[in-house]
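Chains, contacts and geometry: an overview
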Amino acid sequence: MSYRGGKSPAGRETCFDDAGSRTEKLRGYIVLSVANSTRLKTSKERSKEGALSEAEGSALPTLSVIVPVYNAGVALSVQLAALAAQHYEAEWETVIVDNGSTDGSAELARRFVAQLPNLRIVTSTAGKGPAFARNVGASVATGDALIFVDQDDEVAPGYINAMGHKLATCEFVGARVDHKTLNPQLLVEARFPWQSDDLMRGGFLPATSGCALGIRRGLFEVLGGFDERFLYAQDIELSWRAQLAGTELCFVPDAILHYRHRRDLFKHVQQEYFWGTDDALIYRTFRFAGMPRRTVRASLSEWRQISREVLKVKTVGDMLRVISKSARRIGHLRGSIKHQVWFP
């Protein structure tokens, strides 16, 4: 079951627990609203009431910060503490979407009720994956604009304010991604530092990572949300779909997101593999819009380069980089079979 574009499904049951919190059951997911949490007023409503301050002269949008969560562990507390320290000149809320965690992530999030403004915790197991969880979060969010961050990263000071100000003038934005702060040097060396100085580029159109993405609610609704066929590349798909519809994608260099790479070797390689399978689905989706297909010659050239790099391995970082590149290209082959499209 899928929820997209901010439209709340019909059928609602409301009750209050012993702590005075409101619980709404919305066809497949449960929203826990803390007692002092109310619907955010839109910038248009605040403008009509004359409630905009001088700092909000450009009608700063109200924001919904959406965090998809699945067995986040202690890393979630780092992200939530960083969000709790944010300052924004207009109203904002935090929406945690627990996608069936078994490690107590939802309980950990509830500890931040007093620290985060308008915190709501959504529990949903009607579907799986980041795209599904992000769509669920968007469907219950009340802000003018949506900001998506991940459970195991950390927003830098000023992140929400910088994103909110940019979203006042640009409908779709991507933040700067820092790969160094939260990661050991060997992981920094093993991965290309995407989106560290500009939007992600290469292959077709610019894109922003889903862990550092902001979008106006109206645009998200028109686009229909994230495509839940994608395990990882739903952010690239949404970025390209928006641009093909005529929307500009803007970079926000002052909003910095500290990205945490996978520490477990198996999960690291698995991530690269699934990125590769999604690459094939991206091509199938956008080939008729002009996305060029990878050629066999280019693929063979990359495998030859990987073979040469194997002979030059001297450090763990070197080996990890070779394994990562190999996993992604094996993912291309698996994706070609799975999605019935040739993308070597």
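Parameters and conventions
- Residues numbered from 1 in each chain as written.
- Predicted model: local features only at pLDDT ≥ 70, side-chain atom pairs only at ≥ 80, totals over all residues.
- Heavy atoms only, no water.
- Salt bridge = Lys/Arg side-chain N within 4 Å of Asp/Glu carboxyl O.
- Helix = DSSP H or I, 4+ residues; strand = E, 2+ residues; numbered from the N terminus.
- Buried < 20%, exposed > 50% of the residue type's maximum accessible area, 1.4 Å probe, protein only.
- Core = buried A, V, L, I, M, F, W, Y, C linked by side-chain atoms within 4.5 Å.
- Contact = heavy atoms within 4.5 Å.
- Polar contact = N/O pair within 3.5 Å; in protein donor to acceptor, adjacent residues only side chain to side chain.
- Right-handed = clockwise from strand over helix to strand, strands pointing away.
- Patch = residues over 30% accessible without salt bridge, like charges linked within 9 Å, V, L, I, M, F, W, Y side chains within 5 Å.
- Areas by Shrake-Rupley, 256 points an atom, 1.4 Å probe, with all protein chains shown as cover.
- Disulfide = S-S within 2.5 Å.
- Axes fitted to C-alpha atoms, helices over the stretch in contact; angles between N-to-C directions.
- Left-handed = near helix turned anticlockwise from the far one by under 90°.
- Nonpolar A, V, L, I, M, F, W, Y, C, P; charged D, E, K, R; others polar.
- Phe/Tyr/Trp six-rings, centres within 6.5 Å; stacked < 30°, edge-to-face > 60°.
- Lys NZ or Arg CZ within 6 Å of the ring centre and 35° of its normal.
- pLDDT = per-residue confidence, 0-100.

If the charged atoms of two oppositely charged side chains come close together, the side chains can form a pair. Counted by the stated rule, this structure contains 14 salt bridges. Across the salt bridge formed by Arg191 and Glu272, the nearest N and O atoms sit 2.6 Å from each other. Taken together, the residues span a long stretch of sequence, with Arg191 in the loop between α6 (185–190) and β10 (213–216) and Glu272 in helix α9 (residues 265–286) at a distance of 81 residues. For the pair Arg191 and Glu272, a shared accessibility class is recorded, and that class is buried.

A few words on the nonpolar core. Leu80, Ile147, Tyr159 and Ile160 are the most contacted members of the largest nonpolar core, which has 55 residues in total. Among residues more than four places away in sequence, those in contact with Leu80 are Ile96, Leu108, Ala109, Phe112 and Leu116. Counting residues in each nonpolar core, the second largest holds 25 residues, with Val140, Phe148, Ile215 and Phe251 among its members.

Here His179 lies in the loop between β9 (172–178) and α6. Of the residues examined, His179 reaches a relative accessible area of 6% and is grouped as buried. At a separation of 2.8 Å, a polar atom in the side chain of His179 contacts the main-chain carbonyl oxygen of Trp194. Residues in contact with His179, not counting those within four places in the same chain, are Val188, Phe192, Pro193, Trp194, Ser196, Tyr259 and His261.

Time to look at the pairing of strand β6 (residues 119–124). In terms of burial, β6 is largely enclosed, as five of its six residues are buried. Of the crossover connections in this fold, the one passing from strand β5 (residues 92–98) over helix α3 (residues 105–110) to the parallel β6 is right-handed.

It is worth spelling out a nonpolar patch on the surface at this point. On the surface, a cluster of nonpolar side chains totalling about 360 Å² of accessible area is made up of Val296, Leu300, Leu333 and Trp342. Structurally, Val296 is set in helix α10 (residues 296–311).

With that settled, consider unusual backbone geometry. With phi around 60°, Gln195 is a residue other than glycine that occupies positive phi space. Structurally, Gln195 can be placed in the loop between α6 and β10. Of note, the phi angle at Gln340 is positive, near 55°, even though the residue is not glycine. Within the secondary structure layout, Gln340 lies in the segment after α11 (316–338).

Moving on: the state of the cysteines. All told, the structure shown has one disulfide when counted by the stated rule. Here Cys170 engages in a disulfide with Cys250; their sulfurs sit 2.1 Å apart. Linking Cys170 and Cys250, the disulfide has an S-S dihedral of approximately 90° and is accordingly described as right-handed. Note that Cys170 is positioned in the loop between α5 (159–167) and β9 and Cys250 in strand β11 (residues 249–258), a separation of 80 residues in sequence. Here Cys170 and Cys250 have matching classes, each one buried.

Turning our eyes to something else, we now look at the environment of Thr62. Here Thr62 lies in the loop between α1 (43–48) and β4 (63–69). On the basis of relative accessibility, which here comes to 0%, the residue Thr62 falls in the buried class. With 29 residues separating them in the primary sequence, Thr62 and Glu91 have C-alpha atoms 5.1 Å apart.

What follows is about the packing of α9 against α11. One way to put it is that α9 packs onto α11 with a least axis distance of 6 Å and a crossing angle of 40°. Crossing hand, α9 versus α11: right-handed. In this structure, α9 contributes Leu265, His268, Val269, Glu272, Tyr273, Trp275, Gly276, Thr277, Asp279 and Ala280 to the contact, and α11 contributes Leu320, Ile323, Ser324, Ala327, Arg328, Ile330, Gly331, His332, Arg334, Gly335 and Ser336. Per-class residue counts for the contact of α9 with α11 are nine nonpolar, eight polar and four charged.

All right, on to the packing of aromatic side chains then. This structure, assessed with the given rule, holds 10 aromatic pairs. The structure contains a cluster of three or more aromatic residues connected by ring pairs, namely Phe148, Phe220 and Phe226. Arg134 extends its terminal NZ or CZ atom over the ring of Phe226, reaching a point 5.6 Å from the ring centre.

Turning our attention to the confidence of the model for the protein. The pLDDT averaged across the protein works out to 85; a share of 83% of its residues lies at or above 70. Under a pLDDT of 50 for its full length, residues 1–27 has, in the predicted model, 70 contacts with residues more than four places off or in other chains. In this model, residues 50–57 is a region of pLDDT below 50 whose contacts with residues beyond four sequence positions or in other chains number 10 contacts.

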